[in-house]
Amino acid sequence: MEKGTWVVKKGFAEMFKNGVIMDVTTAEQAKIAEEAGAVAVMALERVPADIRKAGGVARMASISKIKEIMEAVSIPVMAKVRIGHIAEARILEALGVDFIDESEVLTPADNKYHLNKHEYKVPFVCGARNLGEALRRIAEGAAMIRTKGEAGTGNVVEAVKHMRQVMDEVRMVQNMPEEELVTFAKQIGAPVDLVAEVKKLGRLPVVNFAAGGVATPADAALMMLLGADGVFVGSGIFKSKDPKKMAKAIVEAVLHYDDPEKLAKISEDIGSPMEGLEIEELDVHLQERGW
Amino acid sequence: MLKIGVLAVQGDIREHANMIEKIGHTPVKVKSIETLNEVEGLIIPGGESTTISKLMKKTGLWEELKRKAQNGFPIFGTCAGMIVVSKGIKNYPQQETLGLIDIYVERNAYGRQVFSFEEVLKFQEKDIKVTFIRAPKIVEYGENVEKLIEFKDAPVLVRENNILAASFHPEIEDDPSVHQYFVETIVAKKQVK
């Protein structure tokens, strides 16, 4: 019996595909997410929109908060650690959290290095804005990638930019002659063996979700149309007027993303979404964290 | 060449479809009753059983599959799929199941993700490597349930007539033996009433 192997970690992420992972801050919200059909929840002290508002240093959620949420639901529970925070990661692993997000939404603990995620039995997801960043994280052991977007804004434009960037680069590698791979790998700062794997598979070697700005069922469908394997929704659910309806609608939109008639029905009578922010007017761009 | 459906509402649909291709048959993604009626058998993949059940009900596939299964339509449920086809969930009795095979299961019985594992099992005299991911365990089964693989104190691959169910994921690694068994022993020889 081999636990915590690459196959087990990467395989677990495959089970989330075509699903929605929702940020929650209480047991009650976690139950709403589960009831709506979320494939997992992200246990947080505050949703990204509130982290943005509060400012200061954002850290791993409190243990009691994470435990409360783990006890409330039967679906997998994820939690975030600061970039490079080895101790926070070991604590969450000991707690039995199902997946760890080494996340730019929290204040980085290390401004040079990410975690060596191969060392852990628990799988990790990391943010990326382009193919190089995604493959560096996979090289460090991330079993899942999410494009970063700009968390807590309710503005999907950065999520779209990052998903298009990753997909464009994947398509480019797919059509690239072998002799160009090494130079290309050097340019994007990624290991050449992973670039070669992308060429062979025609996709990232791990599951790739969209994140950072998804606020409506149509946003979720858009990200699926651009090639996401699934969607993270942070502030978009519990900052909307009617979280129960919004959560259900986003889950259904991910299933029917290519059926406009069904999407129209799904998008009807769901209350207003969270308010959005203009990217140009932000003080902090969370997406710039990560090396 | 048979058309084998893979329920495509949520989960690792691609991995099952790849296995079906690998053994020379045609995978078809099923998310509507119309496509369900075009296939010879259906795989319910791994994923989140709560999500899969809700979306099956929403699309009408829940009732339709119940009806078809009673007429002998072959179904193979893996991990979450096994939970969905079982008679009930001991530790989450409020979660509805299809009740197509006489087994009762316990969800996440082998522990949370850090306890997920790879294991080599004997199937038809052959070693196959499979993965258990937050896997369900069969804790009770009827006398007509055939135990095809056992691991420790529980059967992990079982069959009752047209229904096959596995605690583990046979689709994550490279060995297509279990898919081959489903397609060649159950689907190809089915007798639909």
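Residues numbered from 1 in each chain as written. Chains lettered and ligands numbered in written order. Predicted model: local features only at pLDDT ≥ 70, side-chain atom pairs only at ≥ 80, totals over all residues. Heavy atoms only, no water.

Enquirer: Pulling in residues and values, what's your account of the overall build of chain A?
Expert: Helices and strands together make up the secondary structure of chain A, namely 13 helices and nine strands. On C-alpha atoms alone, chain A measures out to a radius of gyration of 18 Å, which is about the 19 Å that the 2.2 N^0.38 rule sets for 291 residues. Considering only C-alpha atoms, chain A reaches an extent of 55 × 45 × 45 Å along its principal axes. Each of the 291 residues in chain A was classed as buried or not, and the buried ones make up 61%. Sequence separation of 24 or more characterises 67% of the internal contacts of chain A that already satisfy a separation of 6 or more. Summed over its atoms, the accessible surface of chain A is roughly 11400 Å², and 49% of this surface lies on carbon and sulfur atoms. Separation between the mean location of the 37 positive side-chain charges and that of the 44 negative ones in chain A comes to 3 Å. (Helix = DSSP H or I, 4+ residues; strand = E, 2+ residues; numbered from the N terminus. Rg over C-alpha atoms; globule rule 2.2 N^0.38 Å. Buried < 20%, exposed > 50% of the residue type's maximum accessible area, 1.4 Å probe, protein only. Contact = heavy atoms within 4.5 Å. Areas by Shrake-Rupley, 256 points an atom, 1.4 Å probe, with all protein chains shown as cover. Lys, Arg positive; Asp, Glu negative; His and termini not counted. Charge placed at Lys NZ, Arg CZ, Asp CG, Glu CD.)

Enquirer: How would you sum up the interface of chain B and chain A? Please name residues and give values.
Expert: A common measure of how large an interface is: the accessible area buried when the components associate. Contact residues are listed per partner, giving 39 residues for chain B and 39 residues for chain A. Each partner contributes to the roughly 3200 Å² buried at the junction of chain B and chain A, and carbon and sulfur atoms together form 56% of this total. Its largest share of buried area at the contact with chain A, chain B owes to Arg112, Gln113 and Val114 of chain B, together 20% of the area lost on that side. Across the chain B-chain A interface, the total number found is eight salt bridges. (Buried area = accessible area lost by both parts, 1.4 Å probe. Salt bridge = Lys/Arg side-chain N within 4 Å of Asp/Glu carboxyl O.)

Enquirer: Go over the sheet that holds strand β1 (residues 2–3) of chain A with me, naming the residues and quoting the values.
Expert: Taken in spatial order, the three strands of this open sheet run β1(A)-β7(B)-β8(B), and their pairing is antiparallel. Only two strands of the sheet have a single neighbouring strand rather than two, namely β1 of chain A together with β8 (126–132) of chain B. With seven bridges joining them, strand β7 (residues 117–123) of chain B and β8 of chain B adopt antiparallel strand pairing. Counterpart to phenylalanine 117 of chain B in the pairing with β8 of chain B is phenylalanine 132 of chain B. Strands in contact with helix α1 (residues 6–14) of chain A are β1 of chain A together with β7 and β8 of chain B; relative to β7 of chain B, the strand with the most contacts, it is inclined by about 100°. (Pairing = 2+ DSSP bridges. Axes fitted to C-alpha atoms, helices over the stretch in contact; angles between N-to-C directions.)

Enquirer: For the environment of glycine 56 of chain A, give the residues involved together with the corresponding values.
Expert: Residues and elements named next belong to chain A. The residue glycine 56 is located in the loop between α3 (48–54) and α4 (63–72) in this model. The exposure class of glycine 56 is exposed, given its relative accessible area of 71%. Here the alpha-carbon distance between glycine 56 and asparagine 130, two residues 74 residues apart in the chain, equals 28 Å.

Enquirer: Before we move on, could you go through the packing of aromatic side chains and cite the residues and values that matter?
Expert: The tally for this structure, following the rule as stated, stands at 13 aromatic pairs over all chains. Summarising the aromatic geometry, the rings of phenylalanine 209 of chain A and phenylalanine 232 of chain A are spaced 5.7 Å apart at their centres and angled 70° between planes, so their arrangement reads as edge-to-face. Here phenylalanine 209 of chain A is found in strand β8 (residues 207–209), whereas its partner phenylalanine 232 of chain A is found in strand β9 (residues 231–233), with 23 residues between them in sequence. Taken individually, phenylalanine 209 of chain A and phenylalanine 232 of chain A each receive the classification buried, so the pair is uniform in this respect. Connected via pairs of aromatic rings, a cluster forms that spans Tyr110, Phe117, Phe132, Phe151 and Phe168 of chain B. Its guanidinium or amino end placed over the ring of tryptophan 62 of chain B, lysine 57 of chain B lies 4.8 Å from that ring's centre, counting from NZ or CZ. Note that lysine 68 of chain B overlies the ring of phenylalanine 73 of chain B, its terminal NZ or CZ placed 4.8 Å from the centroid. (Phe/Tyr/Trp six-rings, centres within 6.5 Å; stacked < 30°, edge-to-face > 60°. Lys NZ or Arg CZ within 6 Å of the ring centre and 35° of its normal.)

Enquirer: So what's going on with the pattern of salt bridges? Residues and values would help.
Expert: Considering all chains together, one arrives at 40 salt bridges over all chains under this definition. The partner of lysine 129 of chain B in a salt bridge is glutamate 2 of chain A, and the shortest N-O contact between them spans 3.7 Å. With lysine 129 of chain B in strand β8 and glutamate 2 of chain A in strand β1, this residue pair bridges two chains. When its relative accessible area of 34% is taken as the criterion, lysine 129 of chain B is described as partly exposed. Between arginine 14 of chain B and glutamate 15 of chain B there is a salt bridge, and its shortest N-O distance comes to 3.6 Å. A cluster of three or more residues bridged by salt bridges with shared partners is formed by Lys10, Glu14 and Lys17 of chain A together with Arg14 and Glu15 of chain B.

Enquirer: Describe the pairing of strand β4 (residues 77–82) of chain A, and please don't skip the residues or the numbers.
Expert: All names here are of chain A. Counting buried residues in β4 gives six out of six residues, a clear majority hidden from the surface. Because side chains alternate across β4, one face comprises the buried residues Val77, Ala79 and Val81, and the other comprises Met78, Lys80 and Arg82, equally buried. Of the strand pairs in this sheet, strand β3 (residues 40–43) and β4 are connected by three bridges, and their pairing is parallel. What sits directly across from alanine 43, in β4, is alanine 79. Sheet topology places β4 next to strand β5 (residues 99–103); five bridges connect them, and they run parallel. In the sheet register, methionine 78 faces β5, and the bridge partner there is phenylalanine 99. Between the parallel pair β4 and β5, the chain is carried across by helix α5 (residues 86–95), and the sense of this crossover is right-handed. (Right-handed = clockwise from strand over helix to strand, strands pointing away.)

Enquirer: Break down the nonpolar core for me, with residues and values.
Expert: Counting 92 residues, the largest nonpolar core has Met22 and Met223 of chain A together with Ile44, Leu65, Ile75 and Ile103 of chain B as its most contacted members. Those residues in contact with isoleucine 44 of chain B, other than ones at most four positions away along the chain, are Leu7, Ile52, Leu65, Ile75, Phe76, Gly77, Thr78, Gly81, Val84 and Val85 of chain B. Grouped together as the second largest cluster of nonpolar side chains are 26 residues, Ile43, Phe76, Val130 and Val183 of chain B included. (Core = buried A, V, L, I, M, F, W, Y, C linked by side-chain atoms within 4.5 Å.)

Enquirer: Tell me about the packing of helix α2 (residues 27–36) of chain A against helix α12 (residues 243–255) of chain A, and please be specific about residues and values.
Expert: Residues and elements named next belong to chain A. Where α2 meets α12, the axes come as close as 8 Å, and the angle between the chain directions of the two elements is 40°. You can see that α2 and α12 cross each other, and the crossing is right-handed. Judged by residue contacts, Ile32, Glu35 and Ala36 of α2 engage Lys244, Ala247, Lys248 and Val251 from α12. (Left-handed = near helix turned anticlockwise from the far one by under 90°.)

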